[in-house]
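# Architecture and fold: a report
Residues per chain are reported as follows:
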Amino acid sequence: MQHDAEPGEEAARTARAAETEGTATAEDREPPARPDPPSARDAKRAGITAFIGTTIEWFDFYIYGSASALVLGKIFFAEASPAVGTLAAFATFWVGFLARPLGGLVFGHFGDRYGRKKALVTTLTMMGAATFCVGLLPGYAQIGAAAPVLLVLLRMIQGVAMGGEWGGAVLIATEYAPPKRKLLYGGFAQQGSPVGNLLATLAFLGIAQLSDAAFESWGWRIPFLASAVLVVVGLFIRLKLAETPEMVRALERRQTTKLPVKEVLTRYPMLVVLGMLAGTAGVAITYVKTTFALSWATADLGFDRTSFLTVISIALVVQVLVQPFGAVLATKWPVRKAVLWMLVPEFVLLPLMFLLVSTGDFWLAVLGMGLATAPHAMYYSALAGILARVFPVEVRYTGMSLSYQLCTTLFAGTAPIVSQYLLTATGSTWPVVALGLGYTAVTLLGVLPLLARTGEDTPAQQTPAPATART
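Residues numbered from 1 in each chain as written. Predicted model: local features only at pLDDT ≥ 70, side-chain atom pairs only at ≥ 80, totals over all residues. Heavy atoms only, no water.

On to the overall build of the chain, then. Scanning the chain from terminus to terminus reveals 22 helices and zero strands. Residue burial in the chain is summarised as follows: out of 471 residues, 55% are buried. Look at the contacts in the chain between residues 6 or more apart in sequence, and 86% of them connect residues 24 or more apart. (Helix = DSSP H or I, 4+ residues; strand = E, 2+ residues; numbered from the N terminus. Buried < 20%, exposed > 50% of the residue type's maximum accessible area, 1.4 Å probe, protein only. Contact = heavy atoms within 4.5 Å.)

Right, dumping it as structure tokens:
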């Protein structure tokens, strides 16, 4: 028979409970529930959610690139010559990349400390608000020097949001995925980049049918304003997804790190450097082929806006179709072998692309752009899974975001402005070709040692080396 507790014993228990309640943190009082292992359906839903979210974020980010090549120089740097105005617009384009490492650090910290989901909801909201405001921003003719200053500020907010978005989206997909398919599921998040780019290009292709006066006065603003609808849809989908199982377990075990960036930079600095180099071809060549090539083809080769935007759109359709095969190859083959098969053809196909585009022929330009798209696109699909397996869970968001976003700042964001400078200074595209090939060489110099150092140059089905052995 169960007896009632003595009054003194009951009072002691009450006092201890009150003391514990007063000193415990919110996490101590309400530890996250231990999740069941995710089902295949959960993994697919997480992958699709990551894809939709990154598509919307990349759409917002890429429409700025198209606008930079076509119109922002005229609207916000009206007193400069056309060439200088384009360079200035590309400089504001780079500002978004300068801000991305900051976004990676800020949201990586909160994502590693408190969970991936909250960070991703915030990044999507920030990106949508900044993009919508760009569509409302008056030009230089209306408010003078304040116009480019505000443009730079909004572009920085876009950059911070994108810097926090990428790592979290990849982790939503990979941390829900089965152990042997994480690299494959990382490709879901990566697929948002070409689809977002394609949607951005199609948006500008549609408004390019307007007269020059209409395009420059109000038409270019339509994609920026319309993005608000996509952001609302993305938030609805993202809010319905639960926290990733791996992160829930880390929170339950109090496995989080007080200052993730310190942990990454003191224990894994070489992995950050190698990861930064490893991303170069996957992120930089895209901007040589789209943002710079659009400006070059319309300004120097006689292509009109509609024609070359169509060329880019076709190349992006090719990218959407072939990119997922990169993650498939890296899952089926040893990762090192898959990487070499994906990247080495770029040394031939990128120069061929510039030769074919320089003919001024529409279909030859389509052929060149399509062929040169395949190598770096397939590699980009595998890149997310490679970086996601490098760092341990408690600093994974920060580590992979820092590697990737430093890469975009140093290489991707500078690609259009450096390419334009080389063309302006030399009058030839061959230095631009050399720049693109240099991006590919840098990538190989980073990814091959990274795979060897982390023990991940084996087939992706095998379990990678433990995190504790990766310092």
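That covers the picture; the talk isn't over yet.
A cluster of nonpolar side chains, contributed by Leu 102, Val 106, Phe 110 and Tyr 114, occupies part of the molecular surface with about 350 Å² of accessible area. Along the chain, the position of Tyr 114 falls in helix 4 (residues 82-114). Judged by its relative accessible area of 36%, Tyr 114 is partly exposed. (Patch = residues over 30% accessible without salt bridge, like charges linked within 9 Å, V, L, I, M, F, W, Y side chains within 5 Å. Areas by Shrake-Rupley, 256 points an atom, 1.4 Å probe, with all protein chains shown as cover. Salt bridge = Lys/Arg side-chain N within 4 Å of Asp/Glu carboxyl O.)

To continue, consider the nonpolar core. Among the nonpolar cores identified, the biggest contains 123 residues, and Phe 204, Trp 220, Tyr 287, Phe 308, Val 339, Phe 354 and Ile 386 are the most heavily contacted of them. Considering each element in turn, this core owes the most residues, 15 residues, to helix 3 (residues 40-76). In this view, Trp 220 contacts Val 71, Leu 72, Ile 75, Phe 76, Val 134, Phe 204, Ile 207 and Phe 215; residues no more than four positions away in its chain are not counted. Among the nonpolar cores identified, the runner-up in size contains five residues, and Ile 56, Val 121, Leu 124 and Val 231 belong to it. (Core = buried A, V, L, I, M, F, W, Y, C linked by side-chain atoms within 4.5 Å.)

Our focus in this paragraph is helix 21 (residues 415-426). For helix 21, built from 12 residues, the straight-helix expectation of 16 Å at 1.5 Å per residue is met to within 8% by its first-to-last C-alpha distance of 16 Å. When we look at burial in helix 21, the residues that qualify are Ala 415, Pro 416, Ser 419, Gln 420 and Leu 423. One face of helix 21 carries all of its buried residues, which in axial projection span an arc of 125°. On its buried face, helix 21 sits against helix 4, helix 14 (280-300), helix 20 (396-412) and helix 22 (430-454). With its phi angle positive at about 75°, Gly 427 sits one or two positions after the end of helix 21. (Expected span 1.5 Å × (residues − 1). Arc of directions from axis to C-beta.)

Following both chains from N to C, one finds helix 4 and helix 21 inclined at 155°, their axes separated by 8 Å at the closest point. By the angle between their directions, the pair helix 4 and helix 21 is classed as roughly antiparallel. Relative to helix 21, helix 4 is oriented so that their crossing is left-handed. On helix 21, the residues that touch Leu 87, Phe 90, Ala 91 and Phe 93 of helix 4 are Pro 416, Ile 417, Gln 420 and Tyr 421. A class-by-class count of the residues in the contact of helix 4 with helix 21 yields seven nonpolar, one polar and no charged. (Axes fitted to C-alpha atoms, helices over the stretch in contact; angles between N-to-C directions. Parallel < 35°, antiparallel > 145°, perpendicular 65-115°, else oblique. Left-handed = near helix turned anticlockwise from the far one by under 90°. Nonpolar A, V, L, I, M, F, W, Y, C, P; charged D, E, K, R; others polar.)

Moving on: the environment of Thr 310. Structurally, Thr 310 can be placed in helix 15 (residues 305-322). There is a polar contact of 2.7 Å between the side chain of Thr 310 and the backbone oxygen of Thr 306. (Polar contact = N/O pair within 3.5 Å; in protein donor to acceptor, adjacent residues only side chain to side chain.)

Pairing between side chains of opposite charge can happen when the charged atoms of each approach one another. This structure, assessed with the given rule, holds nine salt bridges. Taking the shortest distance from any N to any O, the salt bridge between Glu 175 and Arg 396 comes out at 3.1 Å. Pair noted here: Glu 175 is in the loop between helix 7 (146-174) and helix 8 (182-207) and Arg 396 is in helix 20, with a separation of 221 residues, a long-range link. With respect to class, Glu 175 is no different from Arg 396; both count as buried. Salt-bridge contacts for Arg 396 lead to Glu 246; the nearest nitrogen and oxygen are separated by 2.9 Å.

Here we come to helix 8. Over its 26 residues, helix 8 runs 39 Å from end to end, which matches the ideal 38 Å to within 8%, given 1.5 Å per residue. Where helix 8 bends most, at Ala 189, the angle is about 30°. Counting buried residues in helix 8 gives 21 out of 26 residues, a clear majority hidden from the surface. (Bend = angle between axes of the 7 residues up to and from the residue.)

The subject of this paragraph is the packing of helix 14 against helix 21. Between helix 14 and helix 21, whose axes approach to 8 Å, the crossing angle comes to 45°. One finds that helix 14 runs oblique with respect to helix 21. Where helix 14 crosses over helix 21, the handedness of that crossing is right-handed. Residue-level inspection shows Ala 284, Tyr 287, Val 288, Thr 291, Phe 292, Ser 295, Trp 296 and Asp 300 of helix 14 in contact with helix 21, the latter providing Ala 415, Pro 416, Ser 419, Gln 420 and Leu 423. Its residues assigned to classes, the contact of helix 14 with helix 21 comprises eight nonpolar, four polar and one charged.

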